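# Structural features, examined
What follows is the residue order along each chain.
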Amino acid sequence: YGKEVKVTVFHTNDTHGRGLDDKSIGYGKVSAYVKQYRAVNNNVLFLDAGDAFNGLPVIDLSQGQANLDIMNLMGYDAFTAGSADFVQGGQKILELQKAANFPFLSSNIYYNGKLAFKPYIIKETGGVKIGIIGVSPMNSMVATTDSKLSGFKVTDAVKEVEKQVKIVRQKADIVIVLAHLGKTDPEVNIQKLVEAVPGIDIIVDGHDHVLIKEGMKIKETFVVNAGEYNEYLGVLELKINNKKLVSATGKLLGKEDFKNITADKNVEELIQKIKLENDKILNETVMTLPFTLEGRREFVRSRQTSLGSVLADAEREYTGADISITVGAFLRESIEAGPVSYGKVLSALPFTLPTVTRNMTGKQIVDFIEHNYTEPALISGAYTHVSGLTFNVDFGRPAGSRMTKIMVNGKPLELNKTYVLACNEQISDFGIRDTKIEKT
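A brief report on the enclosed structure follows. Note that the structure is a prediction, hence the values are computed from the model and not measured.

Definitions and limits used
Residues numbered from 1 in each chain as written. Predicted model: local features only at pLDDT ≥ 70, side-chain atom pairs only at ≥ 80, totals over all residues. Heavy atoms only, no water. Buried < 20%, exposed > 50% of the residue type's maximum accessible area, 1.4 Å probe, protein only. Helix = DSSP H or I, 4+ residues; strand = E, 2+ residues; numbered from the N terminus. Pairing = 2+ DSSP bridges. Right-handed = clockwise from strand over helix to strand, strands pointing away. Core = buried A, V, L, I, M, F, W, Y, C linked by side-chain atoms within 4.5 Å. Contact = heavy atoms within 4.5 Å. Salt bridge = Lys/Arg side-chain N within 4 Å of Asp/Glu carboxyl O.

## Digging into the pairing of strand 1 (residues 4–12)
- Most of strand 1 is tucked away: seven of the nine residues are buried.
- As judged from the eight bridges shared by strand 1 and strand 14 (residues 232–241), these two strands associate in the antiparallel manner. Counted as the bridge partner of His11 is Gly234 from strand 14.
- With five bridges connecting them, strand 1 and strand 2 (residues 44–48) associate as parallel partners. Within strand 2, the residue paired with Thr12 across the bridge is Asp48.
- Taken together, strand 1, helix 1 (residues 27–40) and strand 2 constitute a β-α-β crossover, and its handedness is right-handed.

Structure follows, in structure tokens:
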């Protein structure tokens, strides 16, 4: 046998800024743990699989810059761009990339016809060359409005990774794909990636917020995912002999595992500074609720909820439209009864997108909403919440015609009549563009 090398890969994903949240492990403790480990172990990588720069008000107010400043202190080795990292627009993520102490990776995001980020990097540790390829999800370019993504394009994830694996295999001993793909997207997911692309040793994954407790094997590829919101730090142990991967084991460390860890002083001081600067804005009470507005992920993506209804009602009232719609992907958490701060509203509704009106026929509106009812137990970010519209659903009817007794503000919907529909600009740009709507 040749020389055996052990490499530890720490990994995070879909933190959405939650490392500043008391519910999470905390960026300070994660940073301290990784640095303490690095102090006595040479062969260490620290990776993030995307969706870091949007999601918590203190992050959103700085357009992601605050989270980047913290990640710079934490010592990441590489980051792959996720869908929510484009919420502030393409130019903003390019600015963040320039300010980062670590490379942004993506093999399938293009800007003005050229790769916007490095497709891969090679890291040498313990005499072993490790290639790390980034890949972003196919919905990266639906994170915000068309105008904010001008010049950007996302291409086929599988084809681009296949191309880069062939290149990296010539230069590296081990191939890691740092992916923001997940298991659940029916079109492009890690299962399809592994089946289509041989030669991937490891996938460090994110995107669907579904953790993989001890890692899992798909064919010959070992896959890890640390879930969401800085609730876990992923630890992947690689054993490499003769520059070939012999074994991979994964585990997740949760909040309980960090109770005796003292937070990284520099990171903690920066977090407190960021919080202090934002508290005046975020702690201002903007309303008092007599009841909780339901916004939990599993509900807003599968049924009409009070938060979805209130947001749709507000957009309809603001615009004077006949009907208003929003979708579950924009509703991120519940707003509890009682006094409500501006920060709490931003946590629940982090996507501050312009409200627009569009002219649509009754048939176009119904066709758009019918996707809610393709199956009885559908859970989808595109699940549509409505205002100004009531209807029954009959699952005994064929898919595509299950909405019955459809009423618009108390009157039967007319399929050929043109109605004014309100929605946010992103839904207009990406969700209903195929209906050939007339913009107003």
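Still more to cover.
## Regarding the nonpolar core
- Counting 75 residues, the largest nonpolar core has Leu20, Ile70, Phe86, Phe104, Phe117, Ile369 and Leu389 as its most contacted members.
- Residues within four places of Phe86 in sequence aside, it is in contact with Ala81, Ile93, Ile109, Phe117, Ser140, Met141, Ala143, Thr144, Leu149 and Phe152.

## Focus: the sheet that holds strand 5 (residues 109–111)
- Taken in spatial order, the three strands of this open sheet run 6-5-9, and their pairing is antiparallel. Strands with a single pairing partner mark the edges of an open sheet, and in this sheet they are strand 6 (114–115) and strand 9 (152–154).
- With two bridges joining them, strand 5 and strand 6 adopt antiparallel strand pairing. From the neighbouring strand, Tyr111 faces strand 6, where its bridge partner is Lys114.

## Brief notes about the pattern of salt bridges
- A complete count under the given rule lists 16 salt bridges for this structure.
- With a closest N to O distance of 3.1 Å, Glu333 and Arg18 form a salt bridge. With Glu333 in the loop between strand 17 (323–327) and strand 18 (338–341) and Arg18 in the loop between strand 1 and helix 1, this residue pair connects regions lying 315 residues apart in the sequence.
- A relative accessible area of 18% means that Glu333 is categorised as buried.
- Judged by relative accessible area, Arg18 falls into the buried class, the value being 7%.
- Salt-bridge contacts for Lys275 lead to Asp22; the nearest nitrogen and oxygen are separated by 3.9 Å. Of the two residues, Lys275 is situated in helix 7 (residues 265–282) and Asp22 in the loop between strand 1 and helix 1; the sequence distance between them amounts to 253 residues.
- Given a relative accessible area of 63%, Asp22 falls into the exposed group.
- Through salt bridges with shared partners, a single ionic network connects Arg18, Glu333, Glu336 and Lys344.

## Some thoughts on unusual backbone geometry
- Phi at Asp51 is positive, roughly 60 degrees, even though this residue is not glycine.
- Position of Asp51 relative to the elements: it lies in the loop between strand 2 and helix 2 (57–60).
- Look at Asp51 and you get buried, because its relative accessible area is 3%.
- A positive phi is found at Tyr229, a non-glycine position, where the angle reads about 55 degrees.
- Assessed through its relative accessible area of 16%, Tyr229 is described here as buried.

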